[in-house]
Amino acid sequence: MPSPKLPIEGLPVWAHLNNVTLANVKIANIGGKGFGVVCDSHLTIEASDETLDTPALLTVPHGLVLNAEAIQEYAKEDRTFRELLDAVGHQSARGDILLFLLVQTALASRTGHSSAGVLNPWTEYIQFLPETVLLPTLWTEEERLLLRGTSLEAAVSAKISSLDSEFGSIYEASSNIPRWNEALWESGAVSFRDWILLDALYRSRCLELPRSGESLVPCIDMVNHSAAPTAYYDENAKDDVALLLRPGTSISKGDEISISYGDAKSAAEMLFSYGFIDPDSTVESLVLPLEPLQDDPLAKAKLFAFGEAPKVHVSRSNGSIVWRSPFAYFMCVNEEDGLEFRVLRETREMNVLWQGDDVTDRTAEFQTLIQSHPLSALFRLRVVAVVQERLQSQLDRAQPDAEPGTPPTSEPSSTTREACVKAALLLRNIEIMILEDTIEALEEEKTTLLADEHVVAYLGSMETAGSDLVEEEASNEEDDFS
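Residues numbered from 1 in each chain as written. Predicted model: local features only at pLDDT ≥ 70, side-chain atom pairs only at ≥ 80, totals over all residues. Heavy atoms only, no water.

S.K.: Sorry if this is basic, but what is going on with the overall build of the chain here?
M.R.: On a plain count of helices and strands, the chain comes out with 16 helices and 18 strands. For the C-alpha atoms alone, the extent of the chain along its principal axes is close to 100 × 55 × 50 Å. Contacts in the chain between residues far apart in sequence, at least 24 positions, make up 69% of those at least 6 positions apart. Put simply, the chain shows about 25000 Å² of open surface, and 51% of that area lies on carbon and sulfur atoms. Positive and negative side-chain charges of the chain, numbering 37 and 78 respectively, have mean locations separated by a distance of 8 Å. (Helix = DSSP H or I, 4+ residues; strand = E, 2+ residues; numbered from the N terminus. Contact = heavy atoms within 4.5 Å. Areas by Shrake-Rupley, 256 points an atom, 1.4 Å probe, with all protein chains shown as cover. Lys, Arg positive; Asp, Glu negative; His and termini not counted. Charge placed at Lys NZ, Arg CZ, Asp CG, Glu CD.)

So, in structure tokens, the structure goes:
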């Protein structure tokens, strides 16, 4: 049962009733962007003006800010929510906030009395938020096919699976609490899509406050991003959150107020977290998952010891390519090189040794650990080859019509939203250029490493050993007297 939505024109009344101050600005629907904050009169802040004296455009009381601390306060005021939080929450600040918002979604949709939950300002505010956003987790299955071959293909799939697991855990735990089973599930008040939407709203609207940390701030979360922002947010002496005009900024009536969502995020990060790619961004990077070598008997042990999902990070800046993959260095050394795994009898803990030294806590530092080894250039060659192969595989998949039966990305169906098509195509083009340049740089490095004297000597010895083995096998063959 979808919760009822309130028109954005009613937000000023909500703001007034909850002591949110809007000065010379208003919240309006902005073409192509959804809601935003617009200047209601001409404003100018001189570059020399002190920040503390800058008048606030929008001020939100501390009591309305939603973060981990606020969730605990709501739990004190509402014993039924505390009961749900104790059964389901306390895993992370994000999880507790989303659980609270899921309850508000249910409260907003109910028509009769319920013994679960207490109405609060967020119960109404959540009804002003959009019913959908363009984050890929909310794209249709057909639209997500547009991400095939990009770094978001696996990331979005993994995120949806994670959200499904989270929602399933909430359902299982809360179904055992009669009042919440009725309020959430028997009533049909919430669904898995609501959970996906709340996660998308959280990721796209969460602010990192100087003192309060990750928080949702009503009304200020309506401010859109710009690579050349005209405003910023801060906490004042009362811990209220204020939207302030940047010094040296002049804005005319009707201009949109903007902030920065961050200037170091890649195209994939922007699309994943905010649902758009900033065309003015100069950040060119991508992150890809990395699988261990299939024929490596130590693969499982290496994954366990590494302790996190292996990745390859690639970036390009001013024509210079930088890549890193800590796990690739770990996966490319073996027992004959000096790698050893030991399981302690007393604790059953697994230790990792390199050249006899315990490096259990340094598995992400093998790029440094191998430097003193005589065959460090050979190890580097292995890593370069592995990374190049991974990037080439990604590039092959990213090329249009790379797989038989794949619908051309340039010809989406009539039900596919144009914004999704444009965003996916832009992401694909950006990542293809990064991949091509990085693969070329890796090929050049391979050529250099293959000329290294230690690599040449090692490969020569391996070739000699292989020839000797063939001769030995031939000499051991029995004569045929038939």
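S.K.: Would you explain the sheet that holds strand β9 (residues 231-235) in this entry?
M.R.: Two strands in a sheet stick together by hydrogen bonds in their backbones, pointing the same way (parallel) or opposite ways (antiparallel). On the basis of which strands lie adjacent, the open sheet formed by four strands has the order β1-β5-β10-β9 and antiparallel pairing. In the strand order of this sheet, the two ends are held by β1 (21-22) and β9, each with one partner. Relative to strand β10 (residues 241-245), strand β5 (residues 56-60) runs antiparallel, the two sharing four bridges. The residue of β10 that forms the bridge with T59 is A242. (Pairing = 2+ DSSP bridges.)

S.K.: Looking at this model, I keep getting lost on the layout of surface pockets. Mind explaining?
M.R.: Taking a probe equal in size to a water molecule and rolling it over the atoms shows the remaining empty space. Looking at the largest pocket, its volume works out to about 920 Å³. If you go around the largest pocket, you meet 34 residues; those closest to its centre are G32, K33, N224, Y274 and F276. Elements that contribute at least two residues to the lining of the largest pocket include exactly β3 (34-39), α9 (192-205), β8 (224-225), α10 (267-274) and α15 (418-450). Looking at the lining of the largest pocket element by element, the count peaks at five residues for α15. (1 Å grid on protein atoms, 1.4 Å probe; cavity = no way out; pocket = protein on both sides within 12 Å on 5 of 7 lines; lining within 4 Å. Points joined across faces, edges and corners; volume = space filled by probe spheres on them.)

S.K.: Got a minute to help me understand the packing of aromatic side chains in this structure?
M.R.: The geometry of two aromatic rings is summed up by the distance between their centres and the angle between their planes. Here the structure, examined in full by the defined rule, presents 17 aromatic pairs. Centre to centre, the rings of Y125 and F128 are 6.5 Å apart; their planes meet at 50°, and the pair counts as tilted. Note on F128: relative accessible area 2%, which makes it buried. Ring geometry for Y261 against F276: centres 6.3 Å apart, planes inclined by 55°, an arrangement best described as tilted. Here F276 lies in the loop between α10 and β13 (284-289) and Y261 lies in the loop between β12 (256-259) and α10, a separation of 15 residues in the sequence. With relative accessibility at 15%, the residue Y261 sits in the buried group. Assessed through its relative accessible area of 28%, F276 is described here as partly exposed. (Phe/Tyr/Trp six-rings, centres within 6.5 Å; stacked < 30°, edge-to-face > 60°. Buried < 20%, exposed > 50% of the residue type's maximum accessible area, 1.4 Å probe, protein only.)

S.K.: How should I be thinking about the environment of S151 in this particular structure?
M.R.: Looking at the element boundaries, S151 is found in the loop between α6 (141-144) and α7 (152-174). Judged by its relative accessible area of 8%, S151 is buried. Once residues within four sequence positions are removed from consideration, S151 is found in contact with A268, L286, V287, L288, Q394 and E431. A distance of 2.5 Å separates polar atoms of two side chains, one belonging to S151 and the other to E431. (Polar contact = N/O pair within 3.5 Å; in protein donor to acceptor, adjacent residues only side chain to side chain.)

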